[in-house]
Amino acid sequence: MTAGVVLGRTGSTYRVHTDAGEVTAVLRGKLKHRDDDRVVAGDVVDLDRQALQGLLARYTPAGYQVLATSVRMPEGLAALRDLLRGRASVLAGQSGVGKSSLLNALDPGLKLRIGEISAKWDTGKHTTRAALVVPLAGDGYVVDTPGLREVGTWGIDPELLAVCFPEFRRFLDQCRFDNCRHLAEPGCAVRQAAEQGAFDADRLVSYRHLYEEVSVPSWSSDRRRGR
Ligand SMILES: Nc1nc2c(ncn2[C@@H]2O[C@H](COP(=O)(O)OP(=O)(O)OP(=O)(O)O)[C@@H](O)[C@H]2O)c(=O)[nH]1
Ligand SMILES: [Mg+2]
Ligand SMILES: [Zn+2]
């Protein structure tokens, strides 16, 4: 844990000055749900890597490799370079998360345009307008893509959605009902596993959102509106 001084706030993000340079931070846990001026410029705050811990807990059991990177600190850049070497990769994610900044950090010669974070929406401003293939100095290439506005689902059978969550798989044949949708059914082993902390309970929340989405027939007007 390091200490820092809050320099300012943009939406839910705070700029914090530390010995290692300026970093961005968010409030943790319950604090973040309170929309007040609990933390203001000039405050001395403790910084921990809570966001990283949360992501590790969510995605590691699902079989994804989580790599922490920061352009400002800087951190994880050598590891990212190693990961990208010799293969074709795509950088994807919401606008403003720092995809282009990461590539500039790996190869400062690229001079890709990077954007500001909109104070009003607390998101990026869709700075990268079109996909761009970037050859890597060593070997391989990576595609910088425009930030996603939303991710749609198409052609996913609701009955097969649970299989798309790798950490659910070992529980699927333990549900009381063969055709359990893992929503509100009694004797659902997936829900029980989430309650017991076998994986991050948020993943079941994601599953339910996606289940609703893929259950709406594609010809319905609700679906076209993206709901
Ligand atoms: N503190 C901090 N800020 C970063 C980091 N990486 C990027 N930023 C800032 O985040 C903002 C957005 O960065 P971009 O690289 O344009 O983000 P992007 O994901 O390419 O956004 P789009 O092209 O709109 O999809 C810029 O103001 C960057 O300075 C980082 O590692 N640490
Ligand atoms: Mg970009
Ligand atoms: Zn179930």
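Values in this document were obtained by computation on a predicted structure and should not be read as measured data.

Trainee: I keep staring at the overall build of the protein chain and nothing clicks. Help me out?
Mentor: Scanning the protein chain from terminus to terminus reveals 6 helices and 7 strands. Beginning at the N terminus, the succession of helices and strands in the protein chain can be written as β-β-β-β-α-α-β-α-β-β-α-α-α. Counting the 227 residues in the protein chain, one finds 15% classified as buried.

Trainee: It is not clear to me how the site of ligand 1 should be interpreted in this structure. Could you clarify?
Mentor: Taken together, 23 residues lie near ligand 1, and Gly98, Ser100, Ser101, Thr128 and Gly147 sit nearest. Of the residues belonging to the shell around ligand 1, the class tally is 6 nonpolar, 13 polar and 4 charged.

Trainee: Even after reading the chapter, I still don't get the sheet that holds strand E5 (residues 88–91), so can you show me in this structure?
Mentor: Strands pair in a sheet through their backbones, by hydrogen bonds, and they do so in one of two ways: parallel or antiparallel. Reading across the sheet, the 3 strands line up as E5-E7-E6 and stay open at both edges, with mixed pairing between neighbours. Looking at the sheet topology across the chains shown, the edges are occupied by E5 and strand E6 (132–135). For this sheet, the mean angle separating the axes of adjacent strands, direction not counted, is 25°. For E6 and strand E7 (residues 141–144), the ladder comprises 4 bridges, and the chain directions are antiparallel. Within E7, the position partnered with Pro135 by the bridge is Tyr141. In the packing of helix H3 (residues 99–106) onto the sheet, contacts are made with E5, E6 and E7, and the angle to E7 comes to roughly 150°.

Trainee: Mind showing me how you'd approach the sheet that holds strand E3 (residues 21–25) here?
Mentor: Taken together, the 4 strands give an open sheet; going across it, the order is E3-E2-E1-E4, and neighbouring strands pair in antiparallel fashion. Each edge of the sheet is formed by a strand with only one pairing partner; in this case those strands are E3 and strand E4 (44–47). Neighbour to neighbour, the strand axes of the sheet diverge by 45° on average, direction disregarded. The sheet contact formed by strand E2 (residues 13–18) and E3 spans 5 bridges and is antiparallel. Within the sheet, the bridge partner assigned to Tyr14 lies in E3 and is Ala25.

Trainee: Before we go on, may I ask you to explain the environment of Ile114 in this structure?
Mentor: If you trace the backbone, Ile114 turns up in the loop between H3 and E6. Spatially, the C-alpha atoms of Ile114 and Ser100 are 6.1 Å apart, while their sequence positions differ by 14 residues. Among residues more than four places away in sequence, those in contact with Ile114 are Ser100, Ser101, Asn104 and Thr127.

Trainee: Would you explain the pairing of E7 in this entry?
Mentor: Side-chain alternation along E7 places Val142 and Asp144 on a buried face and Tyr141 and Val143 on a face that remains uncovered. Following E6, the chain reverses through 5 residues before pairing antiparallel with E7; Gly140 in that reversal takes a positive phi of roughly 100°.

Trainee: Explanation requested: the packing of helix H2 (residues 77–84) against H3 in the structure shown.
Mentor: Think of two packed helices as two axes; the pair is described by the angle between the axes and how far apart they sit. Closest axis-to-axis distance for the H2/H3 pair is 10 Å, and the angle between their directions is 90°. It follows from the interaxial angle that H2 and H3 lie roughly perpendicular. When H2 is examined against H3, the residues Leu77, Leu80 and Arg81 are found in contact with a partner set consisting of Leu102, Ala105 and Leu106.

Trainee: How do you make sense of helix H5 (residues 202–215) when you look at a structure like this?
Mentor: Residues separated by three or four positions in an α-helix point in the same direction, a consequence of the helix having 3.6 residues per turn. Between its first and last C-alpha atoms H5 spans 20 Å; for 14 residues at 1.5 Å apiece the expected length is 20 Å, and the two agree. Residues of H5 that are buried: Arg203, Leu204, Tyr207 and Val214. Projected down its long axis, H5 carries its buried residues within an arc of 95°, all on one side. Across from the buried face of H5, at angles greater than 90 degrees, the exposed residues are Asp202, Val205, Ser206, His209 and Glu212. Elements that come into contact with the buried residues of H5 comprise helix H1 (50–59) and helix H4 (189–195).

Trainee: Looking at this structure, I do not really get the environment of Ala105. What am I missing?
Mentor: The topology assignment puts Ala105 in helix H3. In this structure, the C-alpha to C-alpha distance between Ala105 and Val71, residues 34 residues apart in sequence, is 6.4 Å. For Ala105, the contacting residues outside a window of four places in its chain are Val71, Pro74 and Leu77.

Trainee: Quick question: what am I supposed to make of the confidence of the model for the protein chain here?
Mentor: In low-pLDDT regions, the fine details of the predicted coordinates are not to be read closely. For the protein chain, per-residue confidence averages 86 on the pLDDT scale, and residues scoring 70 or more make up 89% of the total. By mean pLDDT, the top-scoring element of the protein chain is H4 (96), and the lowest-scoring one is helix H6 (residues 221–224) (51).

Reading the values: rules and limits
- Residues numbered from 1 in each chain as written.
- Chains lettered and ligands numbered in written order.
- Predicted model: local features only at pLDDT ≥ 70, side-chain atom pairs only at ≥ 80, totals over all residues.
- Helix = DSSP H or I, 4+ residues; strand = E, 2+ residues; numbered from the N terminus.
- Buried ≥ 20, exposed ≤ 12 C-beta atoms within 10 Å, placed from the backbone.
- Near = placed C-beta within 6 Å.
- Nonpolar A, V, L, I, M, F, W, Y, C, P; charged D, E, K, R; others polar.
- Pairing = 2+ DSSP bridges.
- Axes fitted to C-alpha atoms, helices over the stretch in contact; angles between N-to-C directions.
- Contact = placed C-beta atoms within 7 Å.
- Parallel < 35°, antiparallel > 145°, perpendicular 65-115°, else oblique.
- Expected span 1.5 Å × (residues − 1).
- Arc of directions from axis to C-beta.
- pLDDT = per-residue confidence, 0-100.

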